[in-house]
Amino acid sequence: MRARIVLVLLACGAVAAQPARPSIALIVIGRTVITENARHQVLSPGAVAIDGNTIVDVNAPDAIAGKYRAADTIDVRNDVVLPGLINTHTHAPMVMYRGLADDLALMDWLNKYIFPAEAKTVSPEMVRTGTRLAALEMIESGTTTYTDMYYFEEEIAKVTREAGLRGVLGNTIIRFPAPDARTPAEGLARTEAFIKAFKGDPLITPAVAPHALYTNDTATLLACAELARKYGVPVIMHLAETEAELKDARDTYSATPTAYLERIGFWGPRTIAAHAVWVNDEDIAILARRGVGVSHNPESNMKLASGSAPIAKLLAAGVAVGLGTDGAASNNDLDMFGAMRQASFLAKHITHDPAVMPARTALDLATIGGARVLGLDGQIGSLEAGKRADLISVSMGAARQTPLYDPVSHLVYVTRGDDVRTTIVDGRVLMRDRIVKTLDAAAVIADANRLAEKVRAAVGR
Ligand SMILES: [Zn+2]
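Along each chain, the written sequence defines residue order, and numbers are assigned to residues from 1. Only residues with pLDDT of at least 70 get local features here, since the model is predicted, and only at 80 or more are side-chain atom pairs given and counted; chain-wide, interface and lining totals rely on the full set of residues. Only hydrogens and water are removed before side-chain values are computed, so all heavy atoms of the structure are retained for them.

Undergrad: Even after reading the chapter, I still don't get the overall build of the protein, so can you show me in this structure?
TA: Scanning the protein for helices and strands turns up 16 helices and 17 strands. Compactness check: the protein gives a C-alpha radius of gyration of 24 Å against a globular reference of 23 Å for 461 residues, within 12% of the reference. The principal-axis extents of the C-alpha atoms in the protein amount to approximately 100 × 45 × 45 Å. Three labels apply to residues, based on accessible area from a 1.4 Å probe with only protein chains included: buried if under 20% of the type maximum, exposed if over 50%, partly exposed otherwise in between. Per-residue burial over the protein gives 57% buried out of 461 residues. Pairs of residues are marked as contacts when any of their non-hydrogen atoms sit within 4.5 Å. For the protein, the share of sequence-separated contacts (at least 6 apart) that also reach a separation of at least 24 residues comes to 73%. Using the Shrake-Rupley algorithm and a 1.4 Å probe, accessible areas are obtained, with residue cover drawn only from the displayed protein chains. Within the structure as shown, the protein displays about 18200 Å² of accessible surface, and the carbon and sulfur contribution to it stands at 54%. We count a stretch as a helix when DSSP gives it H or I for four or more residues in a row; a strand needs E for two or more, and each element gets its number in order from the N terminus. For the radius of gyration, the atom set is restricted to C-alpha positions; the globular benchmark scales as 2.2 Å times the number of residues to the power 0.38.

Undergrad: Just to check I follow, could you spell out the coordination of the zinc ion for this structure?
TA: Ideal geometry at a metal centre gives angles of 109.5 degrees when four donors are arranged tetrahedrally and 90 or 180 degrees when six donors are arranged octahedrally. A donor here means any N, O or S atom no more than 2.8 Å from the metal (3.2 Å for Na, K and Ca); water is not included, so a site may seem to lack partners. Protein ligation of the zinc ion involves His-89 (NE2), His-91 (NE2), His-238 (NE2) and Asp-326 (OD), the donor distances falling in the range 2.1 to 2.5 Å. Working rule for geometry: tetrahedral if four donors all subtend angles between 85 and 135 degrees; square planar for four, octahedral for six, if opposite donors exceed 155 degrees and the others stay between 65 and 115; irregular in every other situation. Geometry at the zinc ion is irregular, judged from the four donor atoms that bind it and their angles of 86 to 173 degrees at the metal. In primary sequence terms, the donor set of the zinc ion follows H-x1-H-x146-H-x87-D. Taken together, the positions of His-89 in strand β6 (residues 85–90) and His-238 in strand β10 (residues 235–239) put the pair 149 residues apart, joining distant regions of the chain. Both residues of the pair, His-89 and His-238, belong to the buried class.

Undergrad: Which parts of the structure should I look at to understand the packing of aromatic side chains?
TA: Given two aromatic rings, their pairing is described by the distance between the two centres and the angle made by the two planes. Aromatic pairs are defined between Phe, Tyr and Trp rings, using the six-membered ring for Trp, whenever the two ring centres lie within 6.5 Å; interplanar angles under 30 degrees are classed as stacked, those over 60 as edge-to-face, and all others as tilted. A full pass over the atoms with the stated rule returns six aromatic pairs. When the ring of Phe-115 is compared with that of Phe-176, the centres are 5.1 Å apart and the planes differ by 70 degrees; the resulting orientation is edge-to-face. In this pair, Phe-115 is assigned in helix α3 (residues 106–121) and Phe-176 in the loop between β8 (166–173) and α6 (184–198), connecting sequence segments 61 residues apart. Arranged with centres 5.0 Å apart and planes meeting at 55 degrees, the rings of Tyr-150 and Tyr-151 form a pair that is tilted. For the pair shown, Tyr-150 and Tyr-151 are each scored as buried.

Undergrad: For this particular structure, what's the right way to read the environment of Glu-192?
TA: If you trace the backbone, Glu-192 turns up in helix α6. Taking the C-alpha atoms as reference points, Glu-192 and Ala-228, separated by 36 residues in sequence, lie 9.2 Å from one another. For Glu-192, the residues in contact, after removing those within four places along its chain, are Leu-227, Lys-230 and Tyr-231.

Undergrad: Whenever I open this one, empty space enclosed by the protein confuses me. Can you help?
TA: Where empty space is left can be seen by rolling a probe of water-molecule size over the atoms. Detection works on a 1 Å grid of protein atoms alone, calling trapped sets that fit a 1.4 Å probe cavities and calling open sets with protein on both sides within 12 Å along at least five of seven lines pockets, with lining residues defined by an atom within 4 Å of a point. Grid points are joined across faces, edges and corners, and a volume is the space filled by probe spheres set on the points. Enumeration according to the criterion identifies two cavities of 30 Å³ or more in this entry. For the largest cavity, the calculated volume is near 210 Å³. For the largest cavity, the lining is made up of 20 residues, of which His-91, Met-94, Leu-110, His-211 and His-238 are closest to its centre. Among the secondary structure elements, those contributing two or more residues to the lining of the largest cavity are α3 and β7 (143–150). If you tally residues by element for the lining of the largest cavity, the top one is α3, at six residues. Residues belonging to the lining of the largest cavity are distributed by class as follows: 11 nonpolar, six polar and three charged. Estimated volume of the second largest cavity: approximately 30 Å³. As for the second largest cavity, its lining consists of Thr-172, Ile-173, Ile-174, Ala-178, Asp-180, Ala-181, Thr-183, Pro-184 and Gly-187. Any residue that is not Ala, Val, Leu, Ile, Met, Phe, Trp, Tyr, Cys, Pro, Asp, Glu, Lys or Arg is counted as polar, Gly included; the first ten are nonpolar and the last four charged.

Undergrad: What exactly am I supposed to notice about the pairing of β7 here?
TA: As a general feature of sheets, a regular strand has side chains that alternate between the two faces. Most of β7 sits out of view: eight of its eight residues are buried. For two strands to be treated as a pair, DSSP must find no fewer than two bridges joining them. Here β7 pairs with β8 via six bridges, running parallel. The residue of β8 that forms the bridge with Asp-148 is Leu-169. Seen with the strands pointing away from the viewer, any crossover whose path from the first strand over the helix to the second strand runs clockwise is right-handed. Crossover connection from β7 via helix α5 (residues 153–163) to parallel β8: handedness right-handed.

Undergrad: Just checking my understanding: could you explain the packing of helix α4 (residues 124–140) against α5 for this structure?
TA: A pair of packed helices can be characterised by two numbers: the angle between their axes and the separation between those axes. Close contact between α4 and α5 brings their axes to 9 Å; oriented N to C, the two are set at 35 degrees. Crossing of α4 over α5 shows right-handed handedness. The segment α4 lies against α5, with Pro-124, Val-127, Arg-128, Thr-131, Arg-132, Ala-135 and Ile-139 engaging Glu-155, Ile-156, Val-159, Thr-160, Glu-162 and Ala-163. Taken together, the residues that form the contact of α4 with α5 break down as seven nonpolar, two polar and four charged. Only the stretch in contact is used when a helix axis is fitted, and all axes are lines through C-alpha atoms; the angle between N-to-C directions ranges over 0 to 180 degrees. Should the near helix be turned anticlockwise from the far one by less than a right angle, the crossing is termed left-handed; should it be turned clockwise, right-handed.

Undergrad: Please clarify how α3 should be interpreted in this entry.
TA: Note on helix geometry: an α-helix contains 3.6 residues per turn, so any two residues three or four positions apart are oriented the same way. Its axis deflected by about 35 degrees at Ile-114, α3 carries its strongest bend there, up to four residues before the proline Pro-116. Of the residues making up α3, those classed as buried are Leu-106, Trp-109, Leu-110, Ile-114, Phe-115, Ala-117, Glu-118 and Thr-121. In the core, the buried residues of α3 are packed alongside α4, β7 and α16 (441–459). Two axes define the bend at a residue: one fitted to the seven residues ending there, one fitted to the seven starting there, and the bend is the angle between them.

Undergrad: Which parts of the structure should I look at to understand helix α8 (residues 243–253)?
TA: Burial in α8 covers these residues: Glu-245, Leu-246, Ala-249 and Tyr-253. Projection of α8 onto a plane perpendicular to its axis shows the buried side chains occupying an angular sector of 100 degrees, all on one side. In this structure, α8 carries Lys-247 and Asp-251 as exposed residues pointing more than 90 degrees from its buried face. Two residues or fewer after α8 comes Ser-254, characterised by a positive phi angle close to 55 degrees. In this description, the arc belongs to the directions extending from the helix axis to the C-beta atoms.

The structure is reproduced here in structure tokens:
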């Protein structure tokens, strides 16, 4: 009897001596994992091991299962798993103006509809309701990080944090009286308070956001650049969006917007320039030399007939380029799959070269390219051990996705935002099986519809 007990104890000891599999929070298993790492590694099948807010391993499912014990497993073996999409330019609360005024040129659209509507309806409540709606749409369509420039940005930051999204956010600084600041000086003071409140937040990167060259004077622009340098935060601005803006800069400063901003010493590290449609070769050289990132917004540029940004030239010059939707009033959605497809089509269309932006490049721009534009490529943009766990899974079972020869082709050319099934940010599951966990979808939509009645009344529509 005693001998048998000893044997059993020995056997148990032998088992215990084997290295225990470490416990981790979550394993995500997909039919394909597109890593977007430097080697463009794709695993079929693949798995991502997550602990806390961090990716700890990416490997074949068997290898991951042999190495870790997970508290939870998301087994989406029919889905493609990829880094969360990064929207490098939007104005989240403008979802409240979606479809309010279409089919107009930028200056008419802004001056006759958007600026008056904003003057009458933008409030902290409107910003919260609009941002919740935008966050719901972004989580449902696979965006995990977004860049925003609007008013009452502290309300946007709070809602972003509640929803669980990552945000690079800046309070708009603009020459005329704004809903949250009567003067640019007030806007700058609000921005400094905003930076102090959110610097170091795990999800929110505060930024300084002068609206554009044509809506700010030189002293304000330099004060913005100085504030960003003081706190080591990014700058977000619109740049060379329309031909009218180019003409205005030539008339006022005898220079292109990019060259004028170079002349006054505005450009600094981590500047995110939205649009860069009307840039010449010298401007492109300046953007490359100064390390300015460009947010390309093909759908907004086409809808407002602003022009076509020379993305192939920007990329060839070594400029970091990401994709954006712009505000939903000029797109009219926040679906980054649409941005990828249209970026690819527009580049082909304007260069008459079908090889100029392959699907692979469009996907790069929406993931690791966007991370570079934001200066966050050390943390997000690819699925690699040590990076933040921001990832999505996309269903590939729809008729329009059948058959499936190349997942990258399908992601860019046939997938829609509503094919996304799982959205994870900073290790937190925000959507599982299309059920959003962090927002009450029905309540968010009902609140937005209630607020839309006020918008309708304010603009007489
Ligand atoms: Zn914009």
